[in-house]
Amino acid sequence: MRNYYVIGHKNPDCDCIVSAIAYANLKQQLGVFALPYALGKANQETQFLLKKYGFKHPPVLLSAKCTLAEIEKDEAILVAPGITMRKALDAVSSQKNKGVFVVDNNERLLGIVSISDLTRLWTEDEDTLRSYMKRTKLYNIIDVLEAKVYHKEDTFKTSGLIHIMPSMSDSVEEYKNSIVILRNNPDVQRFAIDNGASLIIISGEDWVDSVTLEKAKEKHVSIIHTVHTVLECSRLIYESISIDEVTTHDVISFHDTETVEEVSNRLAKTRFRTYPVLNDNNQVIAAISRYHLFHYDKKKFILVDHNEEAQTVNDIEFGEIVEIVDHHRMGGLETMNPINIIERTVGSTSTIITGLYRQNGIALTKEMAGLLLGGLISDTLCLRSPTTTDEDRMTAEYLSDIAEISAVTLQEELINASDSILKKTHLELLYDDFKEFRIAETRIAVGQSQCKSEEEYFKIKDDFLKYLEETAISQHYDLILIMFTDPSGSGSYFLYTGKKDWVISEGFADVLNDKGFAKGIVSRKKQVLPIIIDTLNK
(Lines give C-alpha, C1' and ligand atoms only; values in the text may rest on other atoms or scores of the structure.)
Protein backbone atom coordinates (compact mmCIF):
# COMPACT_ATOMS: atom_id res chain seq x y z
CA MET A 1 0.00 0.00 0.00
CA ARG A 2 1.35 3.42 -0.95
CA ASN A 3 2.17 5.59 2.04
CA TYR A 4 1.87 9.37 1.86
CA TYR A 5 4.14 11.44 4.08
CA VAL A 6 2.40 14.52 5.49
CA ILE A 7 5.08 16.99 6.60
CA GLY A 8 5.33 20.51 7.93
CA HIS A 9 8.41 22.72 7.59
CA LYS A 10 11.84 22.54 9.16
CA ASN A 11 12.19 23.95 12.69
CA PRO A 12 8.52 23.17 13.23
CA ASP A 13 6.12 25.48 15.01
CA CYS A 14 2.82 24.49 16.57
CA ASP A 15 0.68 25.06 13.47
CA CYS A 16 2.76 22.86 11.18
CA ILE A 17 2.93 19.93 13.62
CA VAL A 18 -0.81 20.15 14.28
CA SER A 19 -1.57 20.45 10.55
CA ALA A 20 0.48 17.37 9.68
CA ILE A 21 -1.30 15.27 12.32
CA ALA A 22 -4.78 16.55 11.49
CA TYR A 23 -4.43 16.32 7.71
CA ALA A 24 -2.96 12.81 7.85
CA ASN A 25 -5.94 11.79 10.00
CA LEU A 26 -8.36 13.35 7.51
CA LYS A 27 -6.69 11.51 4.64
CA GLN A 28 -7.02 8.24 6.54
CA GLN A 29 -10.72 8.93 7.15
CA LEU A 30 -11.06 9.39 3.37
CA GLY A 31 -9.36 6.08 2.64
CA VAL A 32 -5.87 7.39 1.86
CA PHE A 33 -2.99 5.80 3.75
CA ALA A 34 -1.16 8.90 5.03
CA LEU A 35 1.03 9.37 8.09
CA PRO A 36 2.30 12.56 9.78
CA TYR A 37 6.01 13.28 10.10
CA ALA A 38 7.96 16.18 11.61
CA LEU A 39 11.17 17.74 10.31
CA GLY A 40 12.43 18.32 13.82
CA LYS A 41 11.46 18.21 17.46
CA ALA A 42 8.41 20.21 18.48
CA ASN A 43 8.81 23.14 20.88
CA GLN A 44 7.55 23.05 24.46
CA GLU A 45 4.14 24.59 23.80
CA THR A 46 3.47 22.11 20.99
CA GLN A 47 4.55 19.18 23.15
CA PHE A 48 2.19 20.42 25.86
CA LEU A 49 -0.66 20.62 23.35
CA LEU A 50 0.02 17.10 22.04
CA LYS A 51 0.07 15.68 25.55
CA LYS A 52 -3.06 17.58 26.59
CA TYR A 53 -5.10 16.06 23.78
CA GLY A 54 -3.48 12.62 23.69
CA PHE A 55 -1.49 12.77 20.47
CA LYS A 56 2.00 11.37 19.92
CA HIS A 57 4.82 13.44 18.52
CA PRO A 58 5.14 12.51 14.82
CA PRO A 59 8.27 10.57 13.86
CA VAL A 60 11.13 12.84 12.79
CA LEU A 61 12.02 12.58 9.11
CA LEU A 62 15.51 13.67 8.05
CA SER A 63 15.53 12.97 4.32
CA ALA A 64 13.25 12.35 1.36
CA LYS A 65 15.53 9.57 0.19
CA CYS A 66 14.25 6.02 0.50
CA THR A 67 16.13 3.51 2.61
CA LEU A 68 16.15 -0.20 1.80
CA ALA A 69 13.64 -0.68 4.63
CA GLU A 70 11.17 1.48 2.68
CA ILE A 71 11.26 -0.20 -0.74
CA GLU A 72 10.13 -3.56 -2.07
CA LYS A 73 12.64 -6.40 -1.80
CA ASP A 74 12.73 -10.14 -2.37
CA GLU A 75 12.25 -12.63 0.42
CA ALA A 76 15.68 -13.93 1.41
CA ILE A 77 16.31 -17.67 1.00
CA LEU A 78 18.25 -18.73 4.09
CA VAL A 79 20.01 -22.06 4.28
CA ALA A 80 22.29 -23.72 6.78
CA PRO A 81 25.90 -24.48 5.90
CA GLY A 82 26.51 -28.00 4.59
CA ILE A 83 23.17 -28.60 2.84
CA THR A 84 23.21 -30.27 -0.56
CA MET A 85 23.37 -28.54 -3.90
CA ARG A 86 20.03 -30.21 -4.64
CA LYS A 87 18.28 -28.48 -1.75
CA ALA A 88 19.82 -25.16 -2.68
CA LEU A 89 18.68 -25.53 -6.30
CA ASP A 90 15.17 -26.46 -5.18
CA ALA A 91 15.04 -23.39 -2.90
CA VAL A 92 16.15 -21.04 -5.66
CA SER A 93 13.75 -22.41 -8.26
CA SER A 94 10.77 -22.35 -5.89
CA GLN A 95 11.27 -18.69 -4.99
CA LYS A 96 12.63 -17.56 -8.36
CA ASN A 97 15.49 -15.88 -6.54
CA LYS A 98 18.99 -15.41 -7.86
CA GLY A 99 20.81 -17.06 -5.00
CA VAL A 100 20.70 -18.30 -1.43
CA PHE A 101 22.29 -16.93 1.72
CA VAL A 102 24.15 -19.26 4.05
CA VAL A 103 23.48 -18.29 7.67
CA ASP A 104 24.23 -19.55 11.17
CA ASN A 105 21.67 -20.53 13.80
CA ASN A 106 21.02 -16.83 14.55
CA GLU A 107 20.41 -16.02 10.86
CA ARG A 108 23.67 -14.09 10.64
CA LEU A 109 25.37 -14.14 7.28
CA LEU A 110 28.13 -16.69 6.55
CA GLY A 111 28.17 -16.55 2.77
CA ILE A 112 26.26 -16.53 -0.50
CA VAL A 113 25.65 -19.09 -3.24
CA SER A 114 24.47 -17.72 -6.57
CA ILE A 115 22.59 -19.51 -9.34
CA SER A 116 25.77 -19.53 -11.43
CA ASP A 117 27.63 -21.16 -8.53
CA LEU A 118 25.02 -23.92 -8.41
CA THR A 119 24.75 -24.52 -12.16
CA ARG A 120 28.51 -24.42 -12.67
CA LEU A 121 28.50 -27.91 -11.21
CA TRP A 122 27.52 -29.34 -14.63
CA THR A 123 30.54 -27.83 -16.38
CA GLU A 124 33.23 -28.73 -13.87
CA ASP A 125 36.01 -31.05 -14.97
CA GLU A 126 36.37 -34.61 -13.67
CA ASP A 127 39.13 -33.79 -11.20
CA THR A 128 37.14 -30.98 -9.60
CA LEU A 129 34.02 -33.12 -9.28
CA ARG A 130 36.06 -35.90 -7.77
CA SER A 131 37.52 -33.53 -5.18
CA TYR A 132 34.01 -32.33 -4.30
CA MET A 133 32.72 -35.89 -3.93
CA LYS A 134 35.71 -36.83 -1.80
CA ARG A 135 34.39 -34.45 0.87
CA THR A 136 30.71 -35.33 0.47
CA LYS A 137 28.91 -36.80 3.47
CA LEU A 138 27.12 -40.15 3.18
CA TYR A 139 23.91 -38.72 4.65
CA ASN A 140 23.85 -36.12 1.84
CA ILE A 141 24.05 -38.87 -0.78
CA ILE A 142 21.28 -40.82 0.96
CA ASP A 143 19.13 -37.69 1.11
CA VAL A 144 19.51 -36.71 -2.55
CA LEU A 145 18.99 -40.27 -3.89
CA GLU A 146 16.05 -40.79 -1.51
CA ALA A 147 17.76 -44.02 -0.64
CA LYS A 148 16.94 -46.92 1.67
CA VAL A 149 19.86 -47.91 3.86
CA TYR A 150 20.86 -51.58 4.12
CA HIS A 151 24.13 -50.88 5.85
CA LYS A 152 25.82 -47.62 6.78
CA GLU A 153 29.38 -47.22 7.97
CA ASP A 154 29.87 -44.38 10.45
CA THR A 155 33.45 -43.93 9.21
CA PHE A 156 32.43 -43.39 5.57
CA LYS A 157 35.35 -42.25 3.45
CA THR A 158 35.54 -42.06 -0.33
CA SER A 159 38.10 -41.25 -2.98
CA GLY A 160 35.42 -39.34 -4.88
CA LEU A 161 35.70 -41.63 -7.90
CA ILE A 162 32.34 -42.95 -9.18
CA HIS A 163 31.91 -46.19 -11.16
CA ILE A 164 28.73 -46.78 -13.13
CA MET A 165 27.69 -50.32 -14.07
CA PRO A 166 31.18 -51.77 -13.58
CA SER A 167 32.51 -54.92 -15.23
CA MET A 168 34.19 -57.69 -13.25
CA SER A 169 37.08 -57.41 -15.70
CA ASP A 170 37.91 -53.86 -14.62
CA SER A 171 41.18 -52.99 -12.92
CA VAL A 172 40.93 -53.84 -9.24
CA GLU A 173 42.87 -50.77 -8.07
CA GLU A 174 40.23 -48.35 -9.39
CA TYR A 175 37.67 -49.50 -6.84
CA LYS A 176 39.59 -48.57 -3.70
CA ASN A 177 37.28 -46.24 -1.61
CA SER A 178 35.16 -45.56 -4.70
CA ILE A 179 31.38 -45.22 -5.11
CA VAL A 180 29.74 -47.85 -7.30
CA ILE A 181 26.33 -47.42 -8.97
CA LEU A 182 24.88 -50.64 -10.38
CA ARG A 183 21.83 -52.82 -10.85
CA ASN A 184 20.88 -55.58 -8.46
CA ASN A 185 23.57 -58.08 -9.49
CA PRO A 186 25.02 -59.87 -6.43
CA ASP A 187 28.16 -61.06 -8.25
CA VAL A 188 29.14 -57.54 -9.33
CA GLN A 189 28.22 -56.18 -5.88
CA ARG A 190 30.55 -58.70 -4.19
CA PHE A 191 33.26 -57.92 -6.74
CA ALA A 192 33.11 -54.20 -5.83
CA ILE A 193 33.04 -55.00 -2.09
CA ASP A 194 36.02 -57.35 -2.31
CA ASN A 195 38.02 -54.72 -4.17
CA GLY A 196 37.59 -51.98 -1.58
CA ALA A 197 34.61 -49.87 -2.68
CA SER A 198 33.31 -47.58 0.08
CA LEU A 199 29.67 -47.34 -1.09
CA ILE A 200 27.41 -49.56 -3.18
CA ILE A 201 24.32 -47.87 -4.66
CA ILE A 202 21.78 -50.37 -5.97
CA SER A 203 19.25 -49.34 -8.62
CA GLY A 204 16.40 -51.60 -9.59
CA GLU A 205 14.97 -54.43 -7.49
CA ASP A 206 14.91 -53.63 -3.81
CA TRP A 207 16.74 -56.52 -2.11
CA VAL A 208 20.17 -57.54 -0.98
CA ASP A 209 21.06 -61.17 -0.35
CA SER A 210 22.39 -62.10 3.08
CA VAL A 211 25.80 -63.20 1.81
CA THR A 212 26.43 -59.86 0.10
CA LEU A 213 25.18 -57.91 3.12
CA GLU A 214 27.42 -59.81 5.55
CA LYS A 215 30.40 -59.34 3.24
CA ALA A 216 29.69 -55.57 3.13
CA LYS A 217 29.58 -55.37 6.91
CA GLU A 218 32.79 -57.39 7.20
CA LYS A 219 34.59 -55.13 4.67
CA HIS A 220 33.09 -51.89 6.11
CA VAL A 221 31.22 -51.05 2.90
CA SER A 222 27.95 -49.10 2.98
CA ILE A 223 25.02 -50.38 0.88
CA ILE A 224 21.95 -48.32 -0.08
CA HIS A 225 19.07 -48.77 -2.52
CA THR A 226 17.41 -46.06 -4.60
CA VAL A 227 14.30 -45.98 -6.77
CA HIS A 228 16.14 -43.90 -9.34
CA THR A 229 17.61 -45.46 -12.45
CA VAL A 230 21.34 -45.85 -12.87
CA LEU A 231 21.34 -42.96 -15.35
CA GLU A 232 19.42 -40.73 -12.94
CA CYS A 233 21.76 -41.67 -10.10
CA SER A 234 24.81 -40.79 -12.18
CA ARG A 235 23.44 -37.24 -12.46
CA LEU A 236 21.79 -36.80 -9.09
CA ILE A 237 24.72 -37.96 -7.01
CA TYR A 238 26.68 -34.82 -7.85
CA GLU A 239 23.83 -32.78 -6.40
CA SER A 240 24.70 -34.30 -3.01
CA ILE A 241 27.83 -32.16 -2.95
CA SER A 242 27.74 -29.64 -0.10
CA ILE A 243 27.12 -25.98 -0.93
CA ASP A 244 30.17 -25.26 1.21
CA GLU A 245 32.18 -26.17 -1.89
CA VAL A 246 30.84 -23.19 -3.84
CA THR A 247 29.95 -20.71 -1.07
CA THR A 248 31.45 -17.23 -1.39
CA HIS A 249 32.34 -15.94 2.06
CA ASP A 250 33.56 -12.47 1.12
CA VAL A 251 30.08 -11.05 0.63
CA ILE A 252 28.94 -7.50 0.03
CA SER A 253 25.91 -6.84 2.20
CA PHE A 254 23.73 -3.82 2.92
CA HIS A 255 21.83 -2.63 5.97
CA ASP A 256 18.18 -1.70 5.70
CA THR A 257 19.01 1.80 6.99
CA GLU A 258 21.15 2.61 3.92
CA THR A 259 19.60 4.78 1.19
CA VAL A 260 18.89 3.54 -2.30
CA GLU A 261 21.48 5.97 -3.69
CA GLU A 262 24.20 4.74 -1.33
CA VAL A 263 23.49 1.13 -2.22
CA SER A 264 23.35 1.85 -5.97
CA ASN A 265 26.79 3.45 -5.91
CA ARG A 266 28.35 0.47 -4.12
CA LEU A 267 26.46 -2.10 -6.14
CA ALA A 268 27.69 -0.67 -9.47
CA LYS A 269 31.18 -1.98 -8.70
CA THR A 270 30.14 -5.58 -7.98
CA ARG A 271 29.23 -8.66 -10.02
CA PHE A 272 26.53 -10.48 -8.05
CA ARG A 273 22.86 -10.52 -9.02
CA THR A 274 21.43 -10.64 -5.51
CA TYR A 275 22.62 -9.19 -2.22
CA PRO A 276 21.68 -9.72 1.42
CA VAL A 277 19.96 -6.97 3.41
CA LEU A 278 20.72 -6.98 7.14
CA ASN A 279 18.94 -5.47 10.13
CA ASP A 280 20.51 -3.79 13.16
CA ASN A 281 21.36 -7.23 14.60
CA ASN A 282 23.19 -8.19 11.38
CA GLN A 283 20.54 -10.79 10.61
CA VAL A 284 19.61 -11.41 6.98
CA ILE A 285 16.06 -10.11 6.46
CA ALA A 286 15.72 -9.70 2.68
CA ALA A 287 17.41 -9.89 -0.69
CA ILE A 288 17.91 -7.02 -3.12
CA SER A 289 18.94 -6.75 -6.75
CA ARG A 290 19.54 -4.01 -9.27
CA TYR A 291 15.92 -4.30 -10.37
CA HIS A 292 14.67 -3.12 -6.98
CA LEU A 293 16.96 -0.10 -7.02
CA PHE A 294 15.81 1.01 -10.48
CA HIS A 295 12.08 0.35 -10.05
CA TYR A 296 11.16 1.55 -6.55
CA ASP A 297 8.40 3.99 -5.67
CA LYS A 298 9.68 7.33 -4.43
CA LYS A 299 8.26 8.74 -1.23
CA LYS A 300 5.08 10.75 -1.86
CA PHE A 301 4.88 13.99 0.11
CA ILE A 302 2.01 16.22 1.14
CA LEU A 303 3.41 19.58 2.29
CA VAL A 304 1.47 21.49 4.94
CA ASP A 305 2.20 25.01 6.23
CA HIS A 306 5.03 25.61 3.72
CA ASN A 307 5.83 25.42 0.03
CA GLU A 308 9.48 26.48 -0.34
CA GLU A 309 12.36 24.14 -1.08
CA ALA A 310 14.61 25.65 1.61
CA GLN A 311 11.95 24.93 4.25
CA THR A 312 10.99 21.39 3.28
CA VAL A 313 12.59 18.01 3.92
CA ASN A 314 16.19 17.47 2.84
CA ASP A 315 16.79 15.77 -0.52
CA ILE A 316 13.27 16.54 -1.73
CA GLU A 317 14.50 15.99 -5.31
CA PHE A 318 14.60 12.27 -4.48
CA GLY A 319 10.93 12.31 -3.48
CA GLU A 320 7.71 13.41 -5.13
CA ILE A 321 5.45 16.23 -3.97
CA VAL A 322 1.80 15.39 -4.65
CA GLU A 323 -0.07 18.07 -2.69
CA ILE A 324 0.39 21.36 -0.82
CA VAL A 325 -1.88 22.84 1.86
CA ASP A 326 -0.61 26.25 2.94
CA HIS A 327 -1.32 29.90 3.75
CA HIS A 328 2.03 31.49 2.77
CA ARG A 329 3.38 33.09 -0.39
CA MET A 330 4.27 30.65 -3.18
CA GLY A 331 7.99 29.94 -3.01
CA GLY A 332 8.74 28.47 -6.43
CA LEU A 333 8.92 24.73 -5.76
CA GLU A 334 9.13 22.73 -8.99
CA THR A 335 7.31 19.42 -9.36
CA MET A 336 7.53 16.65 -11.96
CA ASN A 337 3.75 16.36 -12.39
CA PRO A 338 0.66 18.51 -11.76
CA ILE A 339 -0.29 18.50 -8.09
CA ASN A 340 -3.18 19.54 -5.86
CA ILE A 341 -2.64 22.89 -4.16
CA ILE A 342 -4.87 24.32 -1.46
CA GLU A 343 -3.63 27.85 -0.78
CA ARG A 344 -5.73 30.24 1.32
CA THR A 345 -5.22 33.76 2.67
CA VAL A 346 -5.93 32.90 6.30
CA GLY A 347 -3.95 33.11 9.50
CA SER A 348 -3.09 29.44 9.94
CA THR A 349 -3.02 26.14 8.11
CA SER A 350 -5.10 24.70 10.95
CA THR A 351 -7.93 26.94 9.77
CA ILE A 352 -7.72 25.47 6.26
CA ILE A 353 -7.65 21.89 7.48
CA THR A 354 -10.63 22.45 9.79
CA GLY A 355 -12.52 23.64 6.72
CA LEU A 356 -11.50 20.50 4.82
CA TYR A 357 -12.94 18.31 7.59
CA ARG A 358 -16.24 20.20 7.33
CA GLN A 359 -16.18 20.15 3.53
CA ASN A 360 -15.78 16.36 3.51
CA GLY A 361 -18.38 15.80 6.20
CA ILE A 362 -15.87 14.32 8.67
CA ALA A 363 -16.79 15.03 12.29
CA LEU A 364 -14.04 16.33 14.57
CA THR A 365 -13.48 14.67 17.90
CA LYS A 366 -13.09 16.83 20.98
CA GLU A 367 -9.38 16.01 21.03
CA MET A 368 -8.78 16.83 17.36
CA ALA A 369 -10.73 20.08 17.70
CA GLY A 370 -8.60 21.08 20.69
CA LEU A 371 -5.43 20.26 18.76
CA LEU A 372 -6.50 22.35 15.76
CA LEU A 373 -7.57 25.22 17.99
CA GLY A 374 -4.11 25.22 19.57
CA GLY A 375 -2.43 25.38 16.16
CA LEU A 376 -4.74 28.19 15.06
CA ILE A 377 -4.28 30.43 18.10
CA SER A 378 -0.53 29.79 18.20
CA ASP A 379 -0.10 30.99 14.61
CA THR A 380 -2.44 33.98 14.99
CA LEU A 381 -1.38 35.06 18.51
CA CYS A 382 -4.86 34.17 19.70
CA LEU A 383 -6.47 36.01 16.76
CA ARG A 384 -4.52 39.25 17.41
CA SER A 385 -2.07 38.87 14.51
CA PRO A 386 -2.71 41.07 11.43
CA THR A 387 -2.86 37.84 9.43
CA THR A 388 -6.08 36.90 11.24
CA THR A 389 -9.19 36.80 9.04
CA ASP A 390 -12.88 36.47 9.74
CA GLU A 391 -12.59 32.84 8.69
CA ASP A 392 -9.98 32.28 11.42
CA ARG A 393 -12.26 33.85 14.02
CA MET A 394 -15.28 31.76 12.97
CA THR A 395 -13.13 28.64 12.85
CA ALA A 396 -11.76 29.31 16.33
CA GLU A 397 -15.30 29.68 17.67
CA TYR A 398 -16.36 26.44 15.95
CA LEU A 399 -13.38 24.53 17.37
CA SER A 400 -13.86 26.02 20.85
CA ASP A 401 -17.42 24.74 20.99
CA ILE A 402 -16.35 21.19 20.10
CA ALA A 403 -13.24 21.20 22.33
CA GLU A 404 -15.16 22.85 25.19
CA ILE A 405 -12.42 25.39 25.88
CA SER A 406 -12.06 29.05 24.94
CA ALA A 407 -9.25 30.29 22.72
CA VAL A 408 -8.03 32.65 25.47
CA THR A 409 -7.88 29.89 28.09
CA LEU A 410 -5.99 27.56 25.77
CA GLN A 411 -3.55 30.32 24.80
CA GLU A 412 -2.80 31.01 28.46
CA GLU A 413 -2.03 27.32 28.94
CA LEU A 414 0.25 27.30 25.92
CA ILE A 415 2.14 30.40 27.06
CA ASN A 416 2.62 28.95 30.54
CA ALA A 417 3.90 25.72 29.02
CA SER A 418 6.43 27.43 26.74
CA ASP A 419 10.03 27.78 27.88
CA SER A 420 11.54 31.13 28.80
CA ILE A 421 14.14 32.22 26.25
CA LEU A 422 16.60 32.30 29.17
CA LYS A 423 16.37 28.51 29.38
CA LYS A 424 17.15 27.95 25.71
CA THR A 425 20.56 27.47 24.14
CA HIS A 426 21.64 29.74 21.31
CA LEU A 427 20.99 26.90 18.87
CA GLU A 428 17.48 26.38 20.24
CA LEU A 429 16.74 30.10 20.04
CA LEU A 430 17.96 30.27 16.46
CA TYR A 431 15.89 27.34 15.22
CA ASP A 432 12.82 27.81 17.44
CA ASP A 433 10.73 28.83 14.42
CA PHE A 434 13.28 29.44 11.69
CA LYS A 435 12.53 29.80 7.99
CA GLU A 436 14.89 30.35 5.11
CA PHE A 437 14.04 32.31 1.96
CA ARG A 438 15.73 32.96 -1.40
CA ILE A 439 14.82 36.44 -2.57
CA ALA A 440 16.48 38.28 -5.46
CA GLU A 441 19.57 36.03 -5.24
CA THR A 442 19.77 36.82 -1.53
CA ARG A 443 19.85 34.12 1.14
CA ILE A 444 17.71 35.26 4.05
CA ALA A 445 16.57 33.61 7.28
CA VAL A 446 13.79 34.93 9.51
CA GLY A 447 13.20 33.27 12.86
CA GLN A 448 10.59 33.98 15.50
CA SER A 449 10.47 33.16 19.20
CA GLN A 450 8.05 34.11 21.93
CA CYS A 451 9.51 36.48 24.49
CA LYS A 452 7.58 37.00 27.71
CA SER A 453 9.27 40.24 28.86
CA GLU A 454 11.68 42.99 27.91
CA GLU A 455 14.02 41.93 30.74
CA GLU A 456 14.39 38.44 29.28
CA TYR A 457 15.26 39.83 25.86
CA PHE A 458 18.02 42.16 27.05
CA LYS A 459 19.59 39.42 29.16
CA ILE A 460 20.28 37.29 26.10
CA LYS A 461 20.60 40.03 23.43
CA ASP A 462 24.35 40.71 23.32
CA ASP A 463 25.59 37.12 23.48
CA PHE A 464 22.97 35.89 21.06
CA LEU A 465 23.82 38.63 18.56
CA LYS A 466 27.45 37.45 18.53
CA TYR A 467 26.17 33.94 17.84
CA LEU A 468 24.00 35.23 14.96
CA GLU A 469 27.00 37.04 13.46
CA GLU A 470 29.07 33.85 13.53
CA THR A 471 26.18 31.88 12.03
CA ALA A 472 25.67 34.39 9.19
CA ILE A 473 29.33 34.04 8.23
CA SER A 474 29.66 30.28 8.60
CA GLN A 475 26.32 29.47 6.92
CA HIS A 476 26.65 32.16 4.21
CA TYR A 477 23.46 34.04 5.04
CA ASP A 478 23.16 37.56 3.64
CA LEU A 479 20.69 38.44 6.38
CA ILE A 480 19.44 36.81 9.56
CA LEU A 481 16.55 38.34 11.48
CA ILE A 482 15.17 36.87 14.71
CA MET A 483 11.89 38.31 15.97
CA PHE A 484 11.30 38.08 19.72
CA THR A 485 7.54 38.45 19.81
CA ASP A 486 5.36 39.40 22.76
CA PRO A 487 2.72 36.62 23.02
CA SER A 488 0.11 39.25 23.83
CA GLY A 489 0.66 40.73 20.34
CA SER A 490 2.10 44.15 21.26
CA GLY A 491 5.07 43.79 18.91
CA SER A 492 8.51 42.24 18.46
CA TYR A 493 12.16 42.94 19.23
CA PHE A 494 14.29 42.72 16.08
CA LEU A 495 17.76 41.18 16.35
CA TYR A 496 19.53 41.01 12.99
CA THR A 497 22.89 40.77 11.27
CA GLY A 498 24.53 40.05 7.92
CA LYS A 499 26.08 41.97 5.06
CA LYS A 500 22.59 43.07 4.02
CA ASP A 501 21.41 44.11 7.49
CA TRP A 502 20.64 47.50 5.95
CA VAL A 503 17.46 45.90 4.57
CA ILE A 504 16.01 45.85 8.11
CA SER A 505 17.39 49.27 9.08
CA GLU A 506 15.90 50.91 6.00
CA GLY A 507 12.74 48.87 5.61
CA PHE A 508 11.61 49.24 9.23
CA ALA A 509 13.08 52.63 10.05
CA ASP A 510 9.65 54.10 10.80
CA VAL A 511 8.64 51.37 13.28
CA LEU A 512 11.82 50.34 15.10
CA ASN A 513 12.50 52.36 18.28
CA ASP A 514 15.89 52.84 19.92
CA LYS A 515 15.52 49.51 21.75
CA GLY A 516 14.94 47.61 18.50
CA PHE A 517 11.26 47.09 19.29
CA ALA A 518 8.78 47.18 16.40
CA LYS A 519 5.39 48.03 17.83
CA GLY A 520 2.52 46.05 16.34
CA ILE A 521 4.84 43.90 14.17
CA VAL A 522 4.12 40.26 14.98
CA SER A 523 3.63 38.52 11.63
CA ARG A 524 6.63 37.31 9.67
CA LYS A 525 4.42 36.42 6.74
CA LYS A 526 2.33 39.56 6.39
CA GLN A 527 4.32 42.35 8.04
CA VAL A 528 8.00 41.44 7.70
CA LEU A 529 8.65 39.41 4.58
CA PRO A 530 6.80 41.76 2.17
CA ILE A 531 8.86 44.74 3.41
CA ILE A 532 12.12 42.77 3.05
CA ILE A 533 11.18 41.84 -0.52
CA ASP A 534 10.22 45.42 -1.42
CA THR A 535 13.41 46.84 0.09
CA LEU A 536 15.62 44.36 -1.74
CA ASN A 537 13.91 45.06 -5.06
CA LYS A 538 14.27 48.85 -4.87
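Residues numbered from 1 in each chain as written. Predicted model: local features only at pLDDT ≥ 70, side-chain atom pairs only at ≥ 80, totals over all residues. Heavy atoms only, no water.

A closer look at the pairing of strand 5 (residues 109-114)
Sheet topology note: the strand 4 (residues 99-103)/strand 5 ladder contains 5 bridges and is antiparallel. Within the sheet, the bridge partner assigned to V100 lies in strand 5 and is V113. Here strand 4 folds back onto strand 5, and the loop between the two strands holds 5 residues, one of which, E107, carries a positive phi near 65 degrees. (Pairing = 2+ DSSP bridges. Helix = DSSP H or I, 4+ residues; strand = E, 2+ residues; numbered from the N terminus.)

Remarks on helix 2 (residues 44-52)
Along helix 2, the positions that sit buried rather than exposed are E45, T46, L49 and L50. For helix 2, the buried positions fall inside an angular range of 140 degrees around the axis, keeping them on one side. The secondary structure elements touched by the buried residues of helix 2 are helix 1 (14-29), helix 13 (366-379), helix 15 (407-417) and strand 18 (442-450). Count one or two residues on from helix 2 and you reach G54, which has phi positive near 75 degrees. (Buried < 20%, exposed > 50% of the residue type's maximum accessible area, 1.4 Å probe, protein only. Arc of directions from axis to C-beta. Contact = heavy atoms within 4.5 Å.)

Remarks on the packing of aromatic side chains
Counted under the stated rule, the structure contains 14 aromatic pairs. Taking the centre distance of 5.3 Å and the plane angle of 55 degrees together, the rings of Y457 and F484 count as tilted. Taken together, the residues Y457 in helix 17 (residues 454-474) and F484 in strand 19 (residues 479-485) connect sequence positions 27 residues apart. Since its relative accessible area comes to 0%, Y457 is described here as buried. With a relative accessible area of 0%, F484 lands in the buried category. Consider the rings of Y457 and Y493, whose centres lie 4.4 Å apart with planes at 15 degrees: the pair is stacked. Within this pair, whereas Y457 is found in helix 17, its partner Y493 is found in strand 20 (residues 491-497), the two being separated by 36 residues in sequence. Owing to a relative accessible area of 7%, Y493 belongs among the buried residues under this scheme. Linked through ring pairs, Y457, F458, F464, Y467, F484, Y493 and F517 together constitute an aromatic cluster. The side chain of K65 reaches across the aromatic face of F318, ending 4.8 Å from its centre. (Phe/Tyr/Trp six-rings, centres within 6.5 Å; stacked < 30°, edge-to-face > 60°. Lys NZ or Arg CZ within 6 Å of the ring centre and 35° of its normal.)

Description of the environment of C14
Mapped onto the fold, C14 is located in helix 1. Taking the relative accessible area as the measure of exposure, C14 reaches 1% and is therefore buried. For the pair C14 and K461, spaced 447 residues apart in sequence, the C-alpha to C-alpha distance is 25 Å. Beyond its immediate stretch of four places on either side in the chain, C14 contacts N43, E45, T46, L49, G374, G375 and S378.

A word on the side chain of S242
Locating S242 in the fold gives a position in the loop between helix 9 (230-236) and strand 11 (254-255). In this structure S242 comes out as buried when scored by relative accessible area, which is 11%. Looking at S242, its side chain comes within polar contact range of the main-chain nitrogen of D244, at 3.0 Å. Excluding its chain neighbours within four sequence positions, the residues that come into contact with S242 are G82, I83, M85 and N140. (Polar contact = N/O pair within 3.5 Å; in protein donor to acceptor, adjacent residues only side chain to side chain.)

With respect to the state of the cysteines
When the sulfur atoms of two cysteines share a covalent bond, that bond is a disulfide. The full count for this structure, using the stated rule, is 0 disulfides. Of all cysteine sulfurs in the structure, the one in C382 sits closest to C451, which takes part in no disulfide; the separation is 19 Å. Judged by relative accessible area, C451 falls into the buried class, the value being 3%. (Disulfide = S-S within 2.5 Å.)

Here's the deal with the packing of helix 1 against helix 12 (residues 349-359)
Two elements in contact, helix 1 and helix 12, have axes whose closest approach is 9 Å; the angle formed by their N-to-C orientations is 15 degrees. The orientation of helix 1 with respect to helix 12, classified from their angle, is roughly parallel. When you trace helix 1 past helix 12, the crossing you get is left-handed. The segment helix 1 lies against helix 12, with D15, V18, S19, A22, Y23, N25 and L26 engaging T349, S350, I353, L356 and Y357. (Axes fitted to C-alpha atoms, helices over the stretch in contact; angles between N-to-C directions. Parallel < 35°, antiparallel > 145°, perpendicular 65-115°, else oblique. Left-handed = near helix turned anticlockwise from the far one by under 90°.)

Thoughts on the sheet that holds strand 6 (residues 148-151)
Think of a sheet as strands paired side by side through backbone hydrogen bonds, with each pair either parallel or antiparallel. Taking strand neighbours across the sheet as the criterion, the 5 strands line up as 6-10-9-8-7 in an open arrangement whose pairing is mixed. The open sheet terminates on both sides in strands that have one partner only, identified here as strand 6 and strand 7 (162-164). The average angle at which neighbouring strand axes cross in this sheet is 20 degrees, direction not considered. Here strand 7 runs beside strand 8 (residues 179-183); their pairing, made up of 3 bridges, is parallel. Each residue of the ladder has a partner; that of H163, found in strand 8, is V180. Sheet strands touched by helix 8 (residues 210-219): strand 6 and strand 10 (222-226). Its angle to strand 6, the strand with the most contacts, is close to 75 degrees.

Concerning the sheet that holds strand 16 (residues 340-343)
The 5 strands are arranged 2-1-14-15-16 in an open sheet whose pairing can be described as parallel. Taken across any chain shown, the strands that pair with only one partner, and hence form the sheet edges, are strand 2 (34-39) and strand 16. Across the sheet, the mean angle from the axis of one strand to that of its neighbour is 25 degrees, orientation sign disregarded. Looking at chain direction, strand 1 (residues 4-10) and strand 14 (residues 300-304) are connected through 4 bridges and run parallel. Across the sheet, Y4 pairs through a bridge with K300, a residue of strand 14. The strands touched by helix 1 within the sheet are strand 1, strand 2, strand 14, strand 15 (320-326) and strand 16, with strand 2 carrying the most contacts at an inclination of about 170 degrees. Its contacts with the sheet put helix 12 on strand 14, strand 15 and strand 16, and the angle it makes with strand 15 is roughly 100 degrees.

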